[in-house]
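Analysis of the macromolecular model
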Number of protein chains: 2
Amino acid sequence: GADGDDISAEDPWQDEEYFGSYGTLRLHLEMLSDKSRTETYRQVILNNSSCLRGKVLMDLGCGTGIISLFCARLAQPSAVYAVEASSMAEYTRQLVKQNGCEAVVTVLQGRAEELELPEQVDVLVSEWMGNCLLFEFMVESVLLARDRWLRKGGVMWPSSAALTLVPCQAHSYYTEKMAFWERPYGLDFTPLQPLAQQEFFTKPKFSHVIQPDDCLATPCHVISLDMYTLQVEDLEEMKGKFHFHLEKSGTFHGFTAWFAVHFESLETGGETVELNTGPSSEQTHWKQTLFMLDRPVCVHAGDSITGTIVLRRNPIWRRHMTVTLQWSVNSSSTEETDNCQVETKSFPMWR
Amino acid sequence: GADGDDISAEDPWQDEEYFGSYGTLRLHLEMLSDKSRTETYRQVILNNSSCLRGKVLMDLGCGTGIISLFCARLAQPSAVYAVEASSMAEYTRQLVKQNGCEAVVTVLQGRAEELELPEQVDVLVSEWMGNCLLFEFMVESVLLARDRWLRKGGVMWPSSAALTLVPCQAHSYYTEKMAFWERPYGLDFTPLQPLAQQEFFTKPKFSHVIQPDDCLATPCHVISLDMYTLQVEDLEEMKGKFHFHLEKSGTFHGFTAWFAVHFESLETGGETVELNTGPSSEQTHWKQTLFMLDRPVCVHAGDSITGTIVLRRNPIWRRHMTVTLQWSVNSSSTEETDNCQVETKSFPMWR
Ligand SMILES: [Ca+2]
Ligand SMILES: [Ca+2]
């Protein structure tokens, strides 16, 4: 197990832990039970079924092989290479057989980096997205596979991705974790608030469900990825800007982030399919990611919040990153400059 | 960290992990946010406030010190010794001061076994209950403290405890974890069912919430503990029997267990207070514990389910135990003997 500072004996990719967790059913069940996610991939295959005839596909990090099975059952590809690094691959092979797809789908157990295929592929499909889009950096494996195995002019699914941010209220989370200590059972527990801030507000909150009503402004795209041109080096530091005009008064508790990905059609002019994990779409297993400020701020309709977001990949722990938010609130009702001071907070995910 | 089989370098009490987790706020917040639990202890103090005047109390495993603070604020004890092994003790001291109770409440950081007090106590109060009542075996520390520090004729809070069992339906859990694989997205994923059984039904499910409607019979007390006479050796193996008459037809998916504890009054003839964690009481943070059978069984009103439960403490990992259930279903509608076969299943919690 990890020992905090001593990384000498450890794998900075933490592959044993990472692929180990995908060797159990829990995560696969969570992903498969996510209808929004899984049906989107199914819809992409279905919409493109005629164009997929005779094509070669790679399904990278295939898990139980659901996407490969959709391909084989709903289209007529000439081959699907289903690649899975975890021990789930053994079961994936059984599932392929059980569903009569073994003539089309070949399961390969191994890491993307060590992959050997008999041919280039026409389509590289993968569900690589993590919390805040990039967390766990499976996307790096996708880019390496792309550069090595996608034929010139081949198609990436998803084809593009975007990270969205919004300033928000989070009354119930704040009440539950911080205001709670003010007077529980008639007692004063405020000496625990610094501990609560450290424990609950230092890291982002995964699996947050934001209500559209708690968005203080129109959400804004802060980072966009083109899956054809994105380079592994680009992942080291990704920057975005935001400028929000507040549409209502309320309490500014933090920022919430989520992502969307897009699947272009294989047909020219065909419909692009979107998988959106935001609060206005059907809930997914990713939900949203909440970044709490140290102190809530009263804001008013007409105010604006301006700033930047930086996703900095951890130089040692390659599946981790730190999200740094920098912002200032510009009040519409005063001319004072002191309300315009720039604040900054960095959130490790998770190291 | 733990390495499975190699225990040579490890503490079988796992104290670092156990007390380490109580050094963070998360668990304390969960317990304090449990109104049913916390208000019960408050009510016990309040009901007995006149009898507590001038008494000496020990609050073992006091956490943030909430029970000690109730004592000091709602009654007039001469002293309260608040004992906490985790690093939370440092904050508990601050909370005692913040609430003006430092003249009465003394916080002692240390394990119950190494405790030194200046005097015997009249009342030993503790919230030591874990999942399925005994899990984590904090009760052992309470018994050791009782034998060493409770004066003859002193009072234990809780004074008694009981484990309750009921045969039950668990349709949604079964569907979510097992039936799911039958035909997800039109595919046959049944080859994963043995894996699902292993992963989801081998250990008990903590934090299960059973609906009263899913109880197939009247719940039955299977184990009772008298906190005055219970001995540490008794904890090695606790046995109980059950005989349920099914009141409705349905699917027998497993057994659900929960506990209740009782606080006797300091006054002769005074009211006993109960904290009940069952489905007919207000929900607590313990919720209930579900033990799934390997295969669901169709049962009918009039059938009976007879058997035994054994809680066997792990001889190495002292905070763990194995729960073994043995049962047979006696059908009311047939004379066959083969429906009366005895089944058995052992559930490690967690080793
Ligand atoms: Ca993922
Ligand atoms: Ca407890």
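Cut-off values and rules
Counting starts from 1 at the beginning of each chain's written sequence and moves along it residue by residue. Chains carry letters from A onward and ligands carry numbers from 1 onward, assigned in written order. In view of the model being predicted, local features appear only for residues whose pLDDT reaches at least 70, and side-chain atom pairs are presented and counted only at 80 or more, with totals across whole chains, interfaces and linings using the full set of residues. Side-chain measures here rest on the full set of heavy atoms in the structure, leaving out hydrogens and waters. In this description, a donor is an N, O or S atom within 2.8 Å of the metal centre, a cutoff extended to 3.2 Å for sodium, potassium and calcium. Water is not part of the atom list, which can make sites seem incomplete. Exposure classes here rest on a 1.4 Å probe applied to the protein chains alone. A residue is buried below 20% of its type maximum, exposed above 50%, and partly exposed in between. Whether two residues are in contact is decided by their heavy atoms, any of which lying within 4.5 Å being enough. Summed over both partners, the accessible surface that disappears when two parts come together, traced with a 1.4 Å probe, is what is meant by buried area. We define a salt bridge as a side-chain nitrogen of Lys or Arg found within 4 Å of a carboxyl oxygen belonging to Asp or Glu. When DSSP finds at least two bridges between two strands, those strands are taken to pair. For helices the rule is a DSSP run of H or I covering at least 4 residues; for strands it is a run of E covering at least 2, with both sets numbered from the N terminus onward. Angles here are taken between N-to-C directions and fall from 0 to 180 degrees, while the axes themselves are lines fitted to C-alpha atoms, restricted in helices to the stretch in contact. The predictor attaches a confidence to each residue, called pLDDT, with possible values from 0 through 100. Copy-to-copy superposition: least squares on the C-alpha atoms, limited to residues that have pLDDT of at least 70 in both copies. Each angle receives one of four descriptions, namely roughly parallel if under 35 degrees, roughly antiparallel if over 145, roughly perpendicular if within 65 to 115, and oblique otherwise. Throughout this entry, Asp, Glu, Lys and Arg are counted as charged residues, while Ala, Val, Leu, Ile, Met, Phe, Trp, Tyr, Cys and Pro are counted as nonpolar. The remaining residues, Gly among them, count as polar. Crossing handedness follows the turn of the near helix against the far one: under a right angle anticlockwise gives a left-handed crossing, and clockwise gives a right-handed one. Classification of ring pairs uses Phe, Tyr and Trp, with its six-membered ring standing for Trp, and accepts pairs whose centres are within 6.5 Å; under 30 degrees between planes counts as stacked, over 60 as edge-to-face, and the remaining range as tilted. Over a ring means this: the NZ of a Lys or the CZ of an Arg is within 6 Å of the ring centre and within 35 degrees of the ring normal.

For a metal with four tetrahedral donors the ideal donor-metal-donor angle is 109.5 degrees, while six octahedral donors give ideal angles of 90 or 180 degrees. Looking at the metal site, the calcium ion (ligand 2) is ligated by Glu127(B) (OE) and Met129(B) (O), spaced 2.7 to 3.1 Å from it. Across this residue pair, the class does not change: Glu127(B) and Met129(B) are buried.

Okay, the interface of chain A and chain B next. Taken together, the contact pairs 38 residues of chain A with 38 residues of chain B. For the pairing of chain A and chain B, the buried interface totals around 3,400 Å² over both sides, and the portion due to carbon and sulfur atoms is 73%. Broken down residue by residue, the surface that chain A buries against chain B is led by Leu25(A), Leu29(A) and Tyr185(A), which jointly contribute 22%. On the surface where chain A and chain B come into contact, there are zero salt bridges.

This part is about the sheet that holds strand β5 (residues 150–157) of chain B. Residue and element names in this part refer to chain B. Spatially, five strands are ordered β3-β2-β1-β4-β5 in an open sheet, and the strand pairing comes out parallel. Edge positions in the open sheet fall to β3 (105–109) and β5, since each of these has one partner strand only. Each adjacent strand pair in this sheet contributes to an overall mean axis angle of 20 degrees, direction not counted. By the bridge criterion, five bridges tie strand β1 (residues 56–60) to strand β2 (residues 79–84) in an arrangement that is parallel. Bridge pairing in β2 places Val 56 opposite Ala 79. Where helix α7 (residues 138–149) meets the sheet, it contacts β1, β4 (121–126) and β5, and its direction lies at approximately 150 degrees from that of β5.

All names here are of chain A. Protein coordination at the calcium ion (ligand 1) comes from Glu 127 (OE) and Met 129 (O), with a distance range of 2.7 to 3.2 Å. A relative accessible area of 8% places Glu 127 in the buried class. On the basis of relative accessible area, Met 129 is assigned to the buried category, the value being 6%.

Residues and elements named next belong to chain A. Predicted confidence across chain A gives a mean pLDDT of 94, with 96% of residues reaching 70 or more. Predicted confidence for residues 1–7 stays below pLDDT 50, and this span has six contacts to residues more than four positions away or in other chains. This complex was scored by the predictor with a pTM of 0.94 and an ipTM of 0.93.

Further remarks concern the environment of Glu233(B). By the secondary structure assignment, Glu233(B) is in the loop between β8 (220–226) and β9 (237–245). Along the chain, Glu233(B) and Glu140(B) lie 93 residues apart, while their C-alpha atoms are 9.4 Å from each other.

The subject of this paragraph is the pairing of strand β11 (residues 273–276) of chain A. All names here are of chain A. Of the two faces of β11, only one is covered, namely that formed by Val 273 and Leu 275; the face formed by Glu 274 and Asn 276 stays uncovered. Both strand β10 (residues 250–263) and β11 contribute to a ladder of four bridges, which runs antiparallel. Its bridge partner lying in β11, Val 261 is registered against Leu 275.

Structural alignment of chain A on chain B gives an RMSD of 0.0 Å, achieved by rotating through 180 degrees and translating 0.0 Å along the axis. The operation mapping one copy onto its partner corresponds to a two-fold rotation axis. Mapped onto chain B, 100% of the interface residues of chain A again fall at the interface, so both copies present the same surface.

Let us look at the sheet that holds strand β5 (residues 150–157) of chain A. Residues and elements named next belong to chain A. Ordered by their spatial adjacency, five strands build an open sheet running β3-β2-β1-β4-β5, and the pairing between neighbours is parallel. In this open sheet, the two strands that pair with only one neighbour each are β3 (105–109) and β5. Shown here is a sheet whose adjacent strand axes are inclined to one another by a mean of 20 degrees, direction ignored. Sheet topology note: the strand β2 (residues 79–84)/β3 ladder contains five bridges and is parallel. Residue Val 83 lies in a different strand from β3, and its bridge partner there is Leu 108.

With that settled, consider the packing of helix α2 (residues 25–33) of chain A against helix α3 (residues 35–47) of chain A. All names here are of chain A. For the pair α2 and α3, the least separation of the axes is 5 Å and the interaxial angle reads 70 degrees. When the interaxial angle is binned, α2 and α3 end up roughly perpendicular. For the pair α2 and α3, contact is made by Met 31, Leu 32 and Ser 33 and by Lys 35, Arg 37 and Thr 38, respectively. When the residues that make up the contact of α2 with α3 are grouped by side-chain class, the tally is two nonpolar, two polar and two charged.

This next bit is on the packing of α3(A) against helix α5 (residues 66–74) of chain A. All names here are of chain A. Running from N to C, α3 and α5 point in directions that differ by 30 degrees, and their axes come no closer than 9 Å. With respect to their mutual orientation, α3 and α5 come out roughly parallel. Regarding α3 and α5, the two cross each other, and that crossing is right-handed. Where α3 approaches α5, its residues Thr 38, Tyr 41, Arg 42, Ile 45 and Leu 46 are matched on the opposing element by Ile 66, Ile 67, Phe 70, Cys 71 and Leu 74. Taken together, the residues of the contact of α3 with α5 break down into eight nonpolar, one polar and one charged.

This brings us to the packing of aromatic side chains. All chains considered together, the criterion is met by 34 aromatic pairs over all chains. An angle of 70 degrees between the planes, with centres 5.0 Å apart, marks the rings of Tyr18(A) and Phe19(A) as edge-to-face. Classification of Phe19(A) by relative accessible area gives partly exposed; the value is 21%. Chaining the aromatic ring pairs together yields one cluster made of Phe242(A), Phe244(A), Phe252(A), Phe255(A) and Trp327(A). The ring of Tyr18(B) is capped by Arg319(B), whose NZ or CZ atom sits 3.6 Å from the centre of that ring.

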